[in-house]
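Residue-level structure breakdown
So you can see what is in the structure, the chains are spelled out below.
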Amino acid sequence: MEVPRLPIIPRAVGYGTTKAARTWEAVAEVAGQVAWISDELKGGKLIDQGTELLRIDDASYQLVLTQAETQLNALGVKDKTTRASLELEERSQSLLRNDIERKRKLQEQGTLSTSVFEEAERSLLKGEVLVQNLKNTLALNAAEREVLQTQQANAKLDLQRTRFVAPFDV
């Protein structure tokens, strides 16, 4: 015999003291206004485990998540352009090194003045400083990426905390 499931409101009459077998006190872990309350929260209703009961407005948390994702995308573009600049500057440094070697040979032969050779060395050193600055920028970008990924993970966690779900049948 198949018995249909019917909605009922349980009532008990008794004397003495009673105590619930399980209790649940929901505490909001994020700030915000309540955006939605389930009709299932009316007194006396049975609620299945996993049923969504309440939702806090998540617009500000969505905005934080979107901002972190946008900053990560911008950082990716910044990395790409910095790498391209680094590649060009390293090629330029290679040419400057070759030029210095030619000028060193000419200076040793006495056909090039010391000041022209020193100017070439200064150009090489300026380029090396630029290469190092570009490498430093990439290292700083990596650190910034870690910070943004942490902010993104935190925003995702806050979004999850905007929903209250019954942890067991209540």
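A brief look at the structure comes next. In this text, all values refer to a predicted model and were calculated from it rather than measured experimentally. (Residues numbered from 1 in each chain as written. Predicted model: local features only at pLDDT ≥ 70, side-chain atom pairs only at ≥ 80, totals over all residues. Heavy atoms only, no water.)

Once that is clear, we can look at the packing of aromatic side chains. One pass over the full model with this rule turns up zero aromatic pairs. Note that Arg-22 overlies the ring of Phe-168, its terminal NZ or CZ placed 3.8 Å from the centroid. The positively charged end of Arg-55 is found above the aromatic ring belonging to Trp-36, 4.6 Å away from the centroid. (Phe/Tyr/Trp six-rings, centres within 6.5 Å; stacked < 30°, edge-to-face > 60°. Lys NZ or Arg CZ within 6 Å of the ring centre and 35° of its normal.)

Once that is clear, we can look at the sheet that holds strand β2 (residues 52-56). Pairing in this open sheet of three strands is antiparallel, and the strands run β1-β2-β3 from one edge to the other. Each end of this open sheet is capped by a strand with a single partner; those strands are β1 (34-37) and β3 (163-165). The sheet shows a mean angle of 15 degrees between the axes of neighbouring strands, direction not considered. Across three bridges, the pairing between β2 and β3 is antiparallel. What sits directly across from Leu-54, in β3, is Phe-164. (Pairing = 2+ DSSP bridges. Helix = DSSP H or I, 4+ residues; strand = E, 2+ residues; numbered from the N terminus. Axes fitted to C-alpha atoms, helices over the stretch in contact; angles between N-to-C directions.)

A few words now on the pattern of salt bridges. Tallying each qualifying case throughout the model produces ten salt bridges. Note that Asp-48 is salt-bridged to Arg-5, the shortest N-O span being 3.6 Å. You can see Asp-48 sitting in the loop between β1 and β2 and its partner Arg-5 sitting in the segment before β1, a full 43 residues away along the chain. Of the residues examined, Arg-5 reaches a relative accessible area of 72% and is grouped as exposed. The shortest N-O distance in the salt bridge between Asp-79 and Arg-145 comes to 2.3 Å. Taken together, the residues span a long stretch of sequence, with Asp-79 in helix α1 (residues 59-109) and Arg-145 in helix α2 (residues 114-160) at a distance of 66 residues. When its relative accessible area of 23% is taken as the criterion, Arg-145 is described as partly exposed. (Salt bridge = Lys/Arg side-chain N within 4 Å of Asp/Glu carboxyl O. Buried < 20%, exposed > 50% of the residue type's maximum accessible area, 1.4 Å probe, protein only.)

This part is about α1. Between its terminal C-alpha atoms α1 stretches 74 Å, which fits the 75 Å expected from 51 residues at 1.5 Å a residue. Along α1, the residues classified as buried are Tyr-61, Leu-65, Ala-68, Leu-72, Leu-75, Asp-79, Thr-82, Leu-86, Glu-89, Gln-93 and Ile-100. Its buried side turned inward, α1 meets α2. Once α1 ends, the next one or two residues include Gly-110, with phi positive near 85 degrees. (Expected span 1.5 Å × (residues − 1). Contact = heavy atoms within 4.5 Å.)

Moving on, we get to the nonpolar core. By size, the foremost hydrophobic cluster in this structure holds eight residues: Val-30, Leu-54, Ile-56, Tyr-61, Leu-65, Ala-155, Leu-159 and Phe-164. Elements supplying a minimum of two residues to this core: β2, α1 and α2. Those residues in contact with Val-30 that lie beyond four places of it in its chain are Ile-56, Tyr-61, Asp-158, Arg-161 and Thr-162. Judged by nonpolar contacts, the second largest core, of five residues, contains Leu-112, Phe-117, Ala-120 and Leu-124. (Core = buried A, V, L, I, M, F, W, Y, C linked by side-chain atoms within 4.5 Å.)

When β1 meets β2, the two strands line up antiparallel, connected through three bridges. Each residue of the ladder has a partner; that of Ile-37, found in β2, is Leu-54.

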